[in-house]
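Here is how the chains run, residue by residue.
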Amino acid sequence: MTALLEIRDLKAEIAGKQILNGYDLTVKVGEVHAIMGPNGSGKSTLSYVLSGRPGYKITEGQALLAGADLSQMSVDERAAAGLFLAFQYPLEVPGVATMTFLRAALNAQRKKRGEEEMSSPDLIKRVKELAKILDMDMEMLRRPVNVGFSGGEKKRAETLQMMLLEPKLCILDETDSGLDIDALKVVSNGVNQLRSKDRGIVVITHYQRLLDYITPDVVHVQSAGRIVRTGGKELALELEETGYARYQSEAA
Amino acid sequence: MGNAPITPARKLTDAEARLAEIFALQQSAGAPQLSKLRTAAFDAFSKTGLPNRRDEAWKYTDLRALLRDVKPLAAPPEESAKQSARSAALLTNVAARRVVFVGGYFAPALSDLGDLEKGLSVMSLSEALAKGDAAAMTHIGNVGEVDDPAFALNTAFMGEGVVIRVGAGVCVDRPIQLVFVAGAQPATYFLRSLVIVEKGARATLIESFEGETAQEYHVNAATEVVLEEGASLERLKISHEGAAAMHVSTFVASLAANSQLSDFGLNLGGAVLRNQSFININGPGAHAALRGANILKGKEHADATLFLDHAAERSESKALFKSVLDDSSQAVFQGKILVRPGAQKTDARMMARTLLLSEGAQANCKPELEIFADDVQCAHGSTVGALDENLIFYLMARGIPQAEAQSLLTEAFVGEVIDAVENRSVRDALSALVSERLRARQ
């Protein structure tokens, strides 16, 4: 299996404060990785650094997506190269209709990859199929992006975007936060449909419960800005029992 | 016994002297009644001269400094210019009844005045004045009390325009679009229109102004609207003037009981633009919605000055203006709400929002309230800001390039005022115009 995401000794800071301290991670195609860890361990920072959020600066090391250096790409180029970050708190975009947004995103990515744009009827058909899987009302998609959506609806909308854009690497940043059990099942079902031998998935989460629905191949424990332990899916269960306390002391 | 104070006569500017000269030459033209109106207006203008920054209402648009010379009054344009105007018209996708003026002159061959709806009358201003049309003679210069030098100049020099009447109870579905295309020569255009919407009648009026980028010209336009009881008018004004053009327009409306006015102005181009509105709410239950959007670049300057005069009870006014400013462009918003004694239950709201796309752009907002009744709701506010960086990041994280993300968010910002336009085909055409203009930045 080829390495899809390769992070080597990555150090990164926000406003001069170092958050990631020599991060190493390799995700191969077809794998699902879970990154778990206490609050403040830099889990969201990792996702923002990879996606290129302004203000998050790589000071040392490398992050490669399918061999290409992410730090050399703009945010939209990373997305077109196949990186998708499902936000913990998806933003509301007043005045921009969801369908307009989906069309703009999909076609911008296709254009950048030298592919043909998707026609409007095809796009609408595809979005309808996905909305059905995610138990979403099409009426919602006629509204501005995420405006007036509940927490669960926002996560469904993020999952729909991910399924439409078909990225190579999906990073889910605490997708379970704010989800009730029904929404958790629906969103997990969507993510599981994305599992494929050509794609990698990184699930960032606090809790085991999401991993009941999305079974990871590899589980990592992150603390103080780096990975301190790696194991199989049983590691998540162990964490549920023992908590993160010992890893916090280890990292310190 | 003291000496009478000696006020030295102000030295006229070159432009003022030239205006006086032109006025003296054409003063005797036209019907005596009209000549009297023109003379009174020019006398009123002469008292103050061109407005300047010391006049509160013109503080941010100093016409005395900006109007250095006066271009000759428009002469009839050549046929070739009229032909080229056909393709130039804005909003060609809208199935409107077009009344076209080229170089300040009515162009019947380009206009569509056949098969007028029953109860609708449209004639050129010159024709109405030549005929001594009773409605024109009664209302022109008389719709509201406007003490303003630019409007006075328009009355003194008014050349061409239209007189429209919508008969009582008549509903005219097809929008009437007045297309004013500047001519090929440097010129000054004094355009004047009058619209009377009689009791319970309804119509949509579009005024669009456009001109050549390379040409220097001045437009002084004025539109007076009379809304009788229960009448309704949706008015849209689009200015896409040439880059060296100056455009000053005055809108005067009088609203009778339960009438409705919806006004939307879009400024897409011109060196200096000033739209001033004087809205007289004279009847109870009347409703005025005034909206506007400026999309400016380079050194463009656009000024929206509103005066909302609530003189009747239970009336409402809503004003929302949005500006998108790039480079070193400048937008001015001045809005005054006056609630007269007895105008109880007035509900008046005014808001100006500005989006700055560059550090050199500038917004000046000055809302004013003057209230002489005690049971009213009045509010005003203004905001100035930049695009939200987090939203740009969110859109880019989905693959949308930065410039496109900025355009989408900017269109969304302007969209709020366009979405309120009632006529769907007009609304779609306006959105397309705005989108095209914003994408041209990329």
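Fair warning: this is a prediction, and the values are worked out from it, not measured in the lab.

## Quick look at the layout of surface pockets
- Here the largest pocket is characterised by a volume of approximately 760 Å³.
- What lines the largest pocket is a set of 32 residues, and nearest its centre among them are Val146, Asp147, Asp148, Pro149 and Phe278 of chain B.
- A per-element tally of the lining of the largest pocket places helix H2 (residues 32-48) of chain B first, with five residues.
- Taken together, the residues of the lining of the largest pocket break down into 14 nonpolar, nine polar and nine charged.
- In this structure, the second largest pocket encloses a volume near 600 Å³.
- Forming the boundary of the second largest pocket are 20 residues, of which Gly95 and Thr100 of chain A together with Leu408, Glu411 and Ser431 of chain B lie nearest the centre.
- For the lining of the second largest pocket, the secondary-structure elements that each account for two or more residues are strand E7 (93-97) and helix H3 (98-112) of chain A together with helix H9 (402-418) and helix H10 (424-439) of chain B.
- Class assignment of the residues belonging to the lining of the second largest pocket gives a composition of seven nonpolar, five polar and eight charged.

## Overview of the sheet that holds strand E14 (residues 301-310) of chain B
Residue and element names in this part refer to chain B.
- As summarised here, the arrangement of the nine strands in space is E3-E4-E6-E8-E10-E12-E14-E16-E18, forming an open sheet in which the pairing is mixed. Two strands lie at the open edges of the sheet, namely strand E3 (120-124) and strand E18 (362-371), each paired on one side alone. Here the strands of the sheet are splayed against their neighbours by 5° on average, with no regard to which way each runs.
- In this sheet, E18 lies alongside strand E16 (residues 330-339) in parallel orientation, the contact comprising 10 bridges. Residue valine 332 lies in a different strand from E18, and its bridge partner there is asparagine 364.

## Side note on the pattern of salt bridges
Residue and element names in this part refer to chain B.
- Within the structure shown, the criterion is met by 40 salt bridges over all chains.
- The residue aspartate 347 makes a salt bridge to lysine 318 at a minimum N-O spacing of 3.8 Å. Note that aspartate 347 is positioned in strand E17 (residues 347-356) and lysine 318 in strand E15 (residues 316-325), a separation of 29 residues in sequence.
- Of the residues examined, lysine 318 reaches a relative accessible area of 29% and is grouped as partly exposed.
- Among the salt bridges present, the one from lysine 345 reaches aspartate 375, with a minimum N-O distance of 2.8 Å. Taken as a pair, lysine 345 in the loop between E16 and E17 and aspartate 375 in the loop between E18 and strand E19 (377-385) lie far apart in primary sequence, 30 residues in all.
- Bridged by salt links that share partners, the residues Arg97, Asp112, Glu117 and Arg174 form one connected network.

## Overview of the UniProt feature "domain: SUF system FeS cluster assembly SufBD core" (unreviewed entry) in chain B
- Feature annotation in UniProt places "domain: SUF system FeS cluster assembly SufBD core" (unreviewed entry) on residues 184-413 of chain B, given in this structure's numbering.
- In residues 184-413 of chain B, the share of helix is 9% and the share of strand is 60%. The end C-alpha atoms are 35 Å apart.

## Some points on the side chain of serine 259 of chain B
Residue and element names in this part refer to chain B.
- Here serine 259 is to be found in the loop between strand E10 (246-255) and strand E11 (260-269).
- Here alanine 256 takes part through its backbone oxygen, which lies 2.7 Å from a polar atom of the side chain of serine 259.
- If sequence neighbours within four positions are ignored, serine 259 has contacts with Leu227, Glu228, Gly230, Ala231, Gly285, Ala286 and His287.

## Brief notes about helix H8 (residues 389-396) of chain B
All names here are of chain B.
- Most of H8 sits inside the fold, with six of its eight residues counted as buried.
- Of all the positions in H8, only Leu391, Ile392, Phe393, Tyr394, Leu395 and Met396 are classed as buried.
- Capping of H8 at its N-terminal end is provided by aspartate 388; its side-chain oxygen lies 2.8 Å from the backbone amide nitrogen of asparagine 390.

## Description of the domain arrangement of chain B
All names here are of chain B.
- According to the domain assignment, chain B consists of domain 1 (14-282) and domain 2 (388-442).
- With centres defined by C-alpha atoms, the gap from domain 1 to domain 2 works out at 31 Å.
- At the interface, 17 residues of domain 1 touch 13 residues of domain 2.
- For the pair domain 1 and domain 2, the summed buried surface comes to about 1200 Å²; carbon and sulfur atoms form 71% of the total.

## Remarks on the packing of aromatic side chains
Residue and element names in this part refer to chain B.
- According to the stated counting rule, one finds 16 aromatic pairs over all chains in the structure shown.
- For the ring pair phenylalanine 42 and phenylalanine 45, a centre distance of 5.6 Å and an interplane angle of 45° mean the geometry is tilted. Taken together, the positions of phenylalanine 42 and phenylalanine 45, both in helix H2 and three residues apart, correspond to about one turn of that helix.
- By relative accessible area, which is 8% here, phenylalanine 42 ends up buried.
- Phenylalanine 45 gets classed as buried once you look at its relative accessible area, which sits at 3%.
- Note that arginine 274 overlies the ring of tryptophan 58, its terminal NZ or CZ placed 3.5 Å from the centroid.

## Some points on helix H1 (residues 14-26) of chain B
Residue and element names in this part refer to chain B.
- Taking 1.5 Å of rise per residue, the 13 residues of H1 would be expected to cover 18 Å, and the 19 Å separating its terminal C-alpha atoms lies within 8% of that figure.
- When H1 is considered as a whole, its buried residues turn out to be Ala15, Glu16, Leu19, Ile22 and Phe23. End-on, the buried residues of H1 take up no more than an arc of 125°, which puts them together on one face. Among the exposed residues of H1, those pointing more than 90 degrees away from its buried face are Asp14, Ala24 and Leu25.
- As for H1, its buried residues are in contact with H2, helix H3 (63-66), helix H7 (149-157) and strand E6 (188-197).

Reading the values: rules and limits
Residues numbered from 1 in each chain as written. Chains lettered and ligands numbered in written order. Predicted model: local features only at pLDDT ≥ 70, side-chain atom pairs only at ≥ 80, totals over all residues. Heavy atoms only, no water. 1 Å grid on protein atoms, 1.4 Å probe; cavity = no way out; pocket = protein on both sides within 12 Å on 5 of 7 lines; lining within 4 Å. Points joined across faces, edges and corners; volume = space filled by probe spheres on them. Helix = DSSP H or I, 4+ residues; strand = E, 2+ residues; numbered from the N terminus. Nonpolar A, V, L, I, M, F, W, Y, C, P; charged D, E, K, R; others polar. Pairing = 2+ DSSP bridges. Axes fitted to C-alpha atoms, helices over the stretch in contact; angles between N-to-C directions. Salt bridge = Lys/Arg side-chain N within 4 Å of Asp/Glu carboxyl O. Buried < 20%, exposed > 50% of the residue type's maximum accessible area, 1.4 Å probe, protein only. UniProt positions renumbered as here; feature names shortened; annotations may be inferred. Polar contact = N/O pair within 3.5 Å; in protein donor to acceptor, adjacent residues only side chain to side chain. Contact = heavy atoms within 4.5 Å. Domains from an automatic or database assignment. Buried area = accessible area lost by both parts, 1.4 Å probe. Phe/Tyr/Trp six-rings, centres within 6.5 Å; stacked < 30°, edge-to-face > 60°. Lys NZ or Arg CZ within 6 Å of the ring centre and 35° of its normal. Expected span 1.5 Å × (residues − 1). Arc of directions from axis to C-beta.

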